[in-house]
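This is what each chain is made of:
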Amino acid sequence: MSRLCLILFGAPGSGKGTQAKLLRQSLGIAHISTGDMLRERVASGDPLGLEVESLMKAGSLVPDETVNRLVEERIEQPDSVSGFILDGFPRTVHQAKLLGELLAAKGIRPLVVHLKVDYNVIIARLSGRRLCPTCGALYSVTPNVRAASEVCDYDGTKLVVREDDREDVVRARLLAYEKQTAPVLACLKEAGYPAWDLEGAGESPHAIARKIETLIRDYRAGGEEARA
Ligand SMILES: [Zn+2]
């Protein structure tokens, strides 16, 4: 069976990170988060890492070719032998095209999963979070379950809304995500890769992960039969 490449899409607050971790364990494949990959590379201090660091410090975007090269090296590491999950990549249509060439050269056909979560659910989820500015504890505040008088259980500090979780900030992040992602998803679908939109709310993270595993297994079983 060929190596599995799962490209995972999901808006901030969709549970994408949680799914990537669950699937990494259950499928025994690597979880490649572009953000982590870039940070690890900077920490390594090698010439490419230094180049990335100077770009990030200057607030510039790391060029698509560079990110692509890092992904190419990363998928050759031992933990990616049976497959890998791409999280946060490709982010642009150009990156998607470069990735398509890279995977084609290696005989890998990627699968695309898009976790869809109603934006009102995400806004309620994120804007309902409270942070203790003293110890960093995170609390969930829903209309039904209010954190008792909104103070920290550990130290009594008044809880605050994280800047990133403010409703207007969340809305802006979701809009930016959609604007950036829609053309990339369209490009991957146009390339003919199997792609699924999956409801990312209303069930436990484990139940959603099992659904994704089933989709992948059924697709691959079908493919193997077709080739037989
Ligand atoms: Zn606290």
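Predicted model only: the values in this text are computed from it and were never measured. (Residues numbered from 1 in each chain as written. Predicted model: local features only at pLDDT ≥ 70, side-chain atom pairs only at ≥ 80, totals over all residues. Heavy atoms only, no water.)

(A) View of the sheet that holds strand β1 (residues 4-10). Strand order across the open sheet formed by five strands is β2-β3-β1-β4-β7, with parallel pairing between neighbours. Here the strands that pair on one side only, and so sit at the sheet edges, are β2 (30-33) and β7 (195-199). Averaged over all neighbouring strand pairs, the angle between strand axes comes to 25 degrees, with direction disregarded. In the sheet, strand β4 (residues 111-116) pairs with β7 via five bridges, with the strands oriented parallel. By the bridge assignment, Leu115 is partnered in β7 with Leu198. Lying over the sheet, helix α7 (residues 167-190) contacts β1, β4 and β7, oriented at roughly 150 degrees with respect to β1. (Pairing = 2+ DSSP bridges. Helix = DSSP H or I, 4+ residues; strand = E, 2+ residues; numbered from the N terminus. Axes fitted to C-alpha atoms, helices over the stretch in contact; angles between N-to-C directions. Contact = heavy atoms within 4.5 Å.)

(B) Spotlight on the coordination of the zinc ion. The coordination sphere of the zinc ion contains the protein donors Cys132 (SG), Cys135 (SG), Cys152 (SG), Asp155 (OD) and Asp155 (OD), at a distance range of 2.3 to 2.7 Å. Spacing between the donor residues of the zinc ion along their common chain follows C-x2-C-x16-C-x2-D. When its relative accessible area of 33% is taken as the criterion, Asp155 is described as partly exposed. (Donors = N, O, S within 2.8 Å, 3.2 Å for Na, K, Ca; no water. Buried < 20%, exposed > 50% of the residue type's maximum accessible area, 1.4 Å probe, protein only.)

(C) Representation of helix α4 (residues 64-74) within the structure. Here α4 has its buried residues at Asp64, Thr66, Val67, Asn68, Leu70, Val71 and Arg74. Tucked into the core, α4 has its buried residues touching β2, α2 (34-44), α3 (47-57), β3 (83-87) and α5 (93-105).

(D) Representation of the nonpolar core in the model. Counting 37 residues, the largest nonpolar core has Ile7, Phe9, Phe84, Leu86 and Leu188 as its most contacted members. Sorting elements by how many residues they give to this core places α7 first, with seven residues. Residues in contact with Leu188, not counting those within four places in the same chain, are Ile7, Phe9, Pro90, Ala96, Val112 and Tyr193. (Core = buried A, V, L, I, M, F, W, Y, C linked by side-chain atoms within 4.5 Å.)

(E) Representation of the side chain of Arg41 in the model. Structurally, Arg41 can be placed in helix α2. There is a polar contact of 2.6 Å between the side chain of Arg41 and the side chain of Glu73. In this structure, Arg41 is in contact with Asp46, Leu48, Gly49, Leu70 and Glu73, ignoring residues within four places of it in sequence. (Polar contact = N/O pair within 3.5 Å; in protein donor to acceptor, adjacent residues only side chain to side chain.)

(F) Representation of unusual backbone geometry in the model. The linkage connecting Phe89 with the following residue, Pro90, adopts the cis geometry, with an omega of 0 degrees. Along the chain, the position of Pro90 falls in the loop between β3 and α5.

(G) A look at the confidence of the model for the protein. Overall, the predicted model of the protein reaches an average pLDDT of 89, with 93% of residues at or above 70. Within the protein, β3 carries the highest mean pLDDT (96), whereas helix α6 (residues 119-127) carries the lowest (83). (pLDDT = per-residue confidence, 0-100.)

(H) Highlighting the packing of aromatic side chains. Evaluation of the coordinates by the stated rule reveals one aromatic pair. Look at Trp196 and Tyr219: their rings are 5.9 Å apart centre to centre, the planes differ by 75 degrees, and that puts the pair in the edge-to-face class. Note that Trp196 is positioned in strand β7 and Tyr219 in helix α8 (residues 205-227), a separation of 23 residues in sequence. According to the relative accessible area criterion, Tyr219 is partly exposed, its value standing at 31%. (Phe/Tyr/Trp six-rings, centres within 6.5 Å; stacked < 30°, edge-to-face > 60°.)

(I) Representation of the pattern of salt bridges in the model. If you walk through the whole model with that rule in mind, you get 15 salt bridges. Residues Arg41 and Asp46 are paired through a salt bridge, measuring 2.7 Å at the closest nitrogen-oxygen approach. The exposure class of Arg41 is buried, given its relative accessible area of 17%. The exposure class assigned to Asp46 is partly exposed, which follows from its relative accessible area of 24%. A salt bridge links Glu53 to Lys57, with the shortest nitrogen-to-oxygen separation between them at 3.5 Å. Of this pair, Glu53 and Lys57 both sit in helix α3, four residues apart, which is roughly one turn of that helix. Among the ionic contacts, a cluster of salt bridges with common partners joins Arg41, Asp46 and Glu73. (Salt bridge = Lys/Arg side-chain N within 4 Å of Asp/Glu carboxyl O.)

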